[in-house]
Amino acid sequence: VQLQAYGGGLVQAGGSLRLSCAASGRTFSSYAMGWFRQAPGKEREFVAAISWSGGGTIYADSVKGRFTISRDNAKNTVYLQMNSLNAEDTAVYYCAFRNPIYGGNWYLSTGYQYWGQGTLVTVSS
């Protein structure tokens with residue numbers, strides 16, 4: 001099972017980026033997916049998650065209204081559209097499969113598995 005996140009880069013405050021995460025080695029459409037991020041010196045934190053069908057989404061309060069998670073099951077890819085970026089969004093962004101047998105909080109990283117390698121987003125102020 002592999003997850004390849006890409007699309008990060010350097011962007012000015014107020015700008016936008018779209019991250020992608022391509023999955024292989026698993027029936028992608030059967031699993032919910034999540035995006036997390038980790039800023040330097042901080043713990044990994046939840047950003048957004050999406051159900052297997054794409055019909056359900058949840059967001060961290062810090063990104064609600066600015067970020068949009070989506071997926072294309074035909075392409076085995078989950079996306080994170082990030083708008084109105086600010087310096088606090090600077091982090092390495094990771095995607096992961098939701099563990100289907102984990103019934104706990106969707107905001108906790110322990111509920112996810114097969115993490116990708118991450119892609120760095122740097123927002124300059």
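Residues numbered from 1 in each chain as written. Predicted model: local features only at pLDDT ≥ 70, side-chain atom pairs only at ≥ 80, totals over all residues. Heavy atoms only, no water.

Looking at this structure, I do not really get the layout of surface pockets. What am I missing?
Empty space among the atoms can be located by rolling a probe the size of a water molecule over them. Roughly 160 Å³ of volume is contained in the largest pocket. For the largest pocket, the lining is made up of 13 residues, of which Arg-37, Ala-39, Lys-42, Glu-45 and Glu-88 are closest to its centre. (1 Å grid on protein atoms, 1.4 Å probe; cavity = no way out; pocket = protein on both sides within 12 Å on 5 of 7 lines; lining within 4 Å. Points joined across faces, edges and corners; volume = space filled by probe spheres on them.)

I tried to follow the sheet that holds strand 8 (residues 77-82) on my own but got confused; where do I start?
Sheet strands associate in pairs through backbone hydrogen bonding, adopting either a parallel or an antiparallel arrangement. Taken in spatial order, the four strands make up an open sheet running 1-3-8-7, and their pairing is antiparallel. Only two strands of the sheet have a single partner each, and these edge strands are strand 1 (2-6) and strand 7 (67-72). Sheet twist, expressed as the mean angle between neighbouring strand axes with direction ignored, is 15 degrees. Relative to strand 3 (residues 17-24), strand 1 runs antiparallel, the two sharing five bridges. (Pairing = 2+ DSSP bridges. Helix = DSSP H or I, 4+ residues; strand = E, 2+ residues; numbered from the N terminus. Axes fitted to C-alpha atoms, helices over the stretch in contact; angles between N-to-C directions.)

It is not clear to me how the nonpolar core should be interpreted in this structure. Could you clarify?
Generally speaking, nonpolar side chains in soluble globular proteins are found buried as a group. Core analysis: the largest hydrophobic core is formed by 35 residues, its most contacted members being Trp-35, Leu-80, Met-82 and Tyr-93. With sequence-adjacent residues up to four places away left out, Leu-80 is seen in contact with Leu-17, Arg-18, Leu-19, Trp-35, Val-47, Ala-48, Phe-67, Thr-68, Ile-69 and Tyr-93. (Core = buried A, V, L, I, M, F, W, Y, C linked by side-chain atoms within 4.5 Å. Buried < 20%, exposed > 50% of the residue type's maximum accessible area, 1.4 Å probe, protein only. Contact = heavy atoms within 4.5 Å.)

Even after reading the chapter, I still don't get the side chain of Asp-89, so can you show me in this structure?
Tracing the chain through its elements places Asp-89 in the loop between strand 8 and strand 9 (91-98). Reaching out from Asp-89, the side chain makes a polar contact with the side chain of Arg-37 at a distance of 2.8 Å. (Polar contact = N/O pair within 3.5 Å; in protein donor to acceptor, adjacent residues only side chain to side chain.)

I keep staring at the packing of aromatic side chains and nothing clicks. Help me out?
Aromatic ring pairs: the centre-centre distance and the angle between the two ring planes describe each pair. Counting across every chain of the model gives eight aromatic pairs. Ring geometry for Phe-36 versus Tyr-112: centroids 4.9 Å apart, planes at 75 degrees, classification edge-to-face. Linking Phe-36 in strand 4 (residues 33-38) with Tyr-112 in strand 10 (residues 112-113), this pair joins segments that are 76 residues apart in sequence. One exposure class covers both Phe-36 and Tyr-112, and it is buried. For the pair Phe-36 and Trp-115, a centre-to-centre distance of 5.1 Å together with 70 degrees between the ring planes defines the contact as edge-to-face. (Phe/Tyr/Trp six-rings, centres within 6.5 Å; stacked < 30°, edge-to-face > 60°.)

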